[in-house]
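Notes for the structure review
Chain by chain, the residues run as shown.
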Amino acid sequence: ELHELTESLNSMAGRLQGLIDENRREQENLKKSELRALQAQINPHFLYNTLDAIIWQAQSGKSEEVIHLTRALSDFFRISLSSGADWIPLEKEARHLSGYLSIQKTRYRDILNYEIDIPEALQGGYIVKLLLQPLVENAVLHGMEGKSDGGRILLTIRKEDPYLVICVEDDGSGMDRTKLECLRATVYSGQPERSVGMQNVYQRVRLVYGEDASVEIESTEGIGTKVQLLLPLTAFEDSTCFEY
């Protein structure tokens, strides 16, 4: 009887482990699907804005600018696809961002100035693709609003153990405390009516990097807005720990 009980328990343990493994695979597949669905939200939003800029240049008869924008858009989506990879080197993400800003510079001219500061030592690390562009896009659309004398956007990336710190700052009009708290609540709760790009970044950061990662939003009326991503260095230095 003891032998039969032992065999029964072993059989139950085997079936339980099988169910656990199956559930883990389903959760991994769900995360992959959610990640790609969230990434897909970015491209149509950006495509709309870029096509709007191309139309504006075409209507002005600026054929060279149209060619430049179209090529930049082509390069942008080539890096976006990245042969199906969800993780890409930071250097590649930076080139992707430079292409985006080049397109926006054509549209905004002297109103938009930008700087990208990424130490060479960090450029080989891996990051989830399309994570930076929505933050910069938000800074362009809102930070440059009403800036007739030119505005500046600064992207800096540095290591502050145990995090990779990504910071996007603009010197736009900023927000008062009420608007800032409203934005934070909207982004963190996932309400659909506004700040789609910021919500997208927040959801992907939490989905991929987990609770160790965070998105911080600061703003001062009349001075500007700063958004920081705090990502675990372990994932940045060894993205194979996430099988996406």
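See above for the structure.
Just so it is clear, the structure is predicted and the values come from calculations on it, not from any experiment.

**Overview of the environment of threonine 106**
- Mapping threonine 106 onto the fold places it in helix H3 (residues 90-108).
- Separated by 40 residues in the primary sequence, threonine 106 and valine 66 have C-alpha atoms spaced 9.7 Å apart.

**With respect to the side chain of histidine 96**
- Within the secondary structure, histidine 96 sits in helix H3.
- Setting aside chain neighbours within four positions, we find histidine 96 in contact with Phe76, Ile79, Ser80, Leu130 and Gln133.

**Regarding the pairing of strand E4 (residues 151-160)**
- As paired strands, strand E2 (residues 112-117) and E4 are joined by 6 bridges and run parallel to one another. Counterpart to isoleucine 116 in the pairing with E4 is leucine 155.
- Following E4, the chain reverses through 2 residues before pairing antiparallel with strand E5 (residues 163-170).

**Overview of a nonpolar patch on the surface**
- Where nonpolar side chains cluster on the molecular surface, the patch consists of Leu2, Leu5, Leu9 and Met12 and spans about 420 Å² of accessible area.
- Within the secondary structure, leucine 5 sits in helix H1 (residues 2-59).

**Things to note about the pattern of salt bridges**
- Tallied over the entire structure, the rule returns 6 salt bridges.
- In this structure, the salt-bridge partner of glutamate 160 is arginine 158, at a minimum N-O distance of 2.6 Å.
- By relative accessible area, which is 40% here, glutamate 160 ends up partly exposed.
- Between arginine 184 and glutamate 218 there is a salt bridge; the shortest N-O distance is 3.2 Å.

Calculation rules
- Residues numbered from 1 in each chain as written.
- Predicted model: local features only at pLDDT ≥ 70, side-chain atom pairs only at ≥ 80, totals over all residues.
- Heavy atoms only, no water.
- Helix = DSSP H or I, 4+ residues; strand = E, 2+ residues; numbered from the N terminus.
- Contact = heavy atoms within 4.5 Å.
- Pairing = 2+ DSSP bridges.
- Patch = residues over 30% accessible without salt bridge, like charges linked within 9 Å, V, L, I, M, F, W, Y side chains within 5 Å.
- Areas by Shrake-Rupley, 256 points an atom, 1.4 Å probe, with all protein chains shown as cover.
- Salt bridge = Lys/Arg side-chain N within 4 Å of Asp/Glu carboxyl O.
- Buried < 20%, exposed > 50% of the residue type's maximum accessible area, 1.4 Å probe, protein only.

Note that every value here comes from positions in space, so none of it alone points to a role or purpose.
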